[in-house]
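Coordinates in review
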Amino acid sequence: MIKNVSVIGAGTMGNGIAHVFAQHQFTVTLIDISEQQLQKAISTIAKNLDRQITKELISEEQKAVILQHIQTETNIGKGVATAQLVVEAATENESIKLQLFKQADEAAPPDCILASNTSSISITKIASVTSRPQQVIGMHFMNPVPVMKLVEVINGYATSNFVTGTIVELSKQLGKTPALANDYPGFVANRILMPMINEAIYTLHESVAGVEAIDTIMKLGMAHPMGPLQLADFIGLDVCLSILQILHKGFGNPKYAPCPLLVNMVASQKLGIKTGEGFYTYLAGSKDLVVSDKFRK
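Source: prediction; values computed, not measured.

1. A look at the overall build of the protein chain
Scanning the protein chain from terminus to terminus reveals twelve helices and ten strands. Relative to the globule expectation of 19 Å for 297 residues, the C-alpha radius of gyration of the protein chain, 20 Å, shows essentially globular dimensions. Expressed as lengths along the three principal axes of its C-alpha atoms, the size of the protein chain is roughly 55 × 45 × 35 Å. Expressed as a percentage of its 297 residues, the buried residues of the protein chain come to 47%. Excluding contacts between residues fewer than 6 apart, the proportion of contacts in the protein chain whose partners are at least 24 apart in sequence is 65%. As displayed, the protein chain offers around 14,600 Å² of accessible surface, 54% of which is attributable to carbon and sulfur atoms. A gap of 2 Å separates the mean positions of the 24 positive and 25 negative side-chain charges of the protein chain.

Here is the structure:
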């Protein structure tokens with residue numbers, strides 16, 4: 001029975017994953033090379049727990065217990081030494097993930113399961129750099145992790161049925177709904193989502209409609225909670241571009257080719273919420289959705 005979990009990467013996804021595991025009484029080691037990033041992650045988790053207190057989902061006492069379940073570590077070897085499950089949630093960069101999995105494989109106990117929160121990179125390729133490919137699996141959480149119910153569980157070519165079953169049941173223990181996918185570019189979520197976002201960007205690029213019109217049509221006409229351009233800003237335009245490039249390379253199909261407007265925006269470091277500007281402009285302390293000056297007529 002898994003109780004000790006190590007999470008590699010203390011960014012948005014990593015701190016959310018650590019939060020959810022700790023809230024369900026798992027002992028969590030949150031690992032990052034940056035001590036500053038680790039302290040920022042703990043602060044973020046505390047603030048998110050405060051929101052849960054405000055909504056009367058947890059008590060102050062429960063918040064204290066949850067935070068006690070999380071320890072931090074800057075050394076990956078020490079951080080995974082007693083783990084029964086490692087969840088890698090580093091940046092969506094193949095070379096970084098491969099290096100992290102090599103390190104985790106060398107330091108983690110032999111029966112430890114190694115999972116990746118990747119949204120598009122091949123689980124089979126990640127597994128190939130380890131000595132335990134049968135114990136490598138995708139565990140793709142959705143952002144924000146404490147709120148979103150889905151975990152996309154991705155089987156690599158060699159992933160064992162036992163490991164798949166374990167992760168499916170573990171996801172349920174976290175109050176999530178697991179959905180199984182096999183290891184092909186983009187899996188299910190991004191294979192469907194990213195072409196839609198890309199087409200929305202093409203629709204803007206070709207002056208079919210403006211930012212607000214595109215998002216309004218998809219929200220009110222298709223019952224999407226967020227328009228595709230706002231969603232792209234939320235995900236990060238650099239992440240969207242990276243996933244589309246993986247889809248394009250993996251399938252060799254021109255329908256996955258990233259829109260030139262997306263390529264230019266990423267080159268200009270207009271990446272969405274993380275940089276303060278994408279299709280919309282994001283002002284500190286403001287919840288108003290303001291179209292970027294670039295796209296105003």
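2. Quick word on the UniProt feature "domain: 3-hydroxyacyl-CoA dehydrogenase C-terminal" (unreviewed entry) in the protein chain
The sites that carry the UniProt feature "domain: 3-hydroxyacyl-CoA dehydrogenase C-terminal" (unreviewed entry) are, in the present numbering, residues 186-282. Counted over residues 186-282, helix gives 62% and strand 2%. Its end C-alpha atoms are 28 Å apart.

3. A short note on the pattern of salt bridges
What the rule picks out here adds up to nine salt bridges. Between K270 and E277 there is a salt bridge; the shortest N-O distance is 3.4 Å. It is possible to trace a salt-bridge network through shared partners that takes in E88, E92 and K97.

4. Side note on the packing of helix α10 (residues 228-235) against helix α11 (residues 237-251)
Two numbers describe how α10 lies on α11: the axes approach to 6 Å, and their chain directions differ by 95°. With respect to α11, the axis of α10 lies roughly perpendicular. Note on element contacts: α11 touches α10 through L237, V239 and C240, opposite A232, D233 and I235. Its residues assigned to classes, the contact of α10 with α11 comprises five nonpolar, no polar and one charged.

5. Regarding the nonpolar core
Counting 36 residues, the largest nonpolar core has F21, L85, V87, M139, F141 and I167 as the members making the most contacts within it. The greatest single-element share of this core, amounting to six residues, is contributed by helix α1 (residues 12-23). Discounting residues that sit within four places of it in the chain, F21 has contacts with V5, F26, V28, L85, V87, M139, F141, L170 and L174. Counting 29 residues, the second-largest nonpolar core is a separate cluster that includes L244, Y256, L262 and F295.

6. Structural notes on the sheet that holds strand β7 (residues 150-155)
Pairing in this open sheet of eight strands is mixed, and the strands run β3-β2-β1-β4-β5-β6-β7-β8 from one edge to the other. This sheet does not close on itself; its edge strands, each paired only once, are β3 (70-73) and β8 (177-182). Averaged over neighbouring strand pairs, the angle between their axes works out to 25° when direction is ignored. In terms of strand pairing, strand β1 (residues 4-8) meets strand β2 (residues 27-31) through five bridges, oriented parallel. Looking at the pairing, N4 lines up with T27 of β2.

Rules of the game
- Residues numbered from 1 in each chain as written.
- Predicted model: local features only at pLDDT ≥ 70, side-chain atom pairs only at ≥ 80, totals over all residues.
- Heavy atoms only, no water.
- Helix = DSSP H or I, 4+ residues; strand = E, 2+ residues; numbered from the N terminus.
- Rg over C-alpha atoms; globule rule 2.2 N^0.38 Å.
- Buried < 20%, exposed > 50% of the residue type's maximum accessible area, 1.4 Å probe, protein only.
- Contact = heavy atoms within 4.5 Å.
- Areas by Shrake-Rupley, 256 points an atom, 1.4 Å probe, with all protein chains shown as cover.
- Lys, Arg positive; Asp, Glu negative; His and termini not counted.
- Charge placed at Lys NZ, Arg CZ, Asp CG, Glu CD.
- UniProt positions renumbered as here; feature names shortened; annotations may be inferred.
- Salt bridge = Lys/Arg side-chain N within 4 Å of Asp/Glu carboxyl O.
- Axes fitted to C-alpha atoms, helices over the stretch in contact; angles between N-to-C directions.
- Parallel < 35°, antiparallel > 145°, perpendicular 65-115°, else oblique.
- Nonpolar A, V, L, I, M, F, W, Y, C, P; charged D, E, K, R; others polar.
- Core = buried A, V, L, I, M, F, W, Y, C linked by side-chain atoms within 4.5 Å.
- Pairing = 2+ DSSP bridges.

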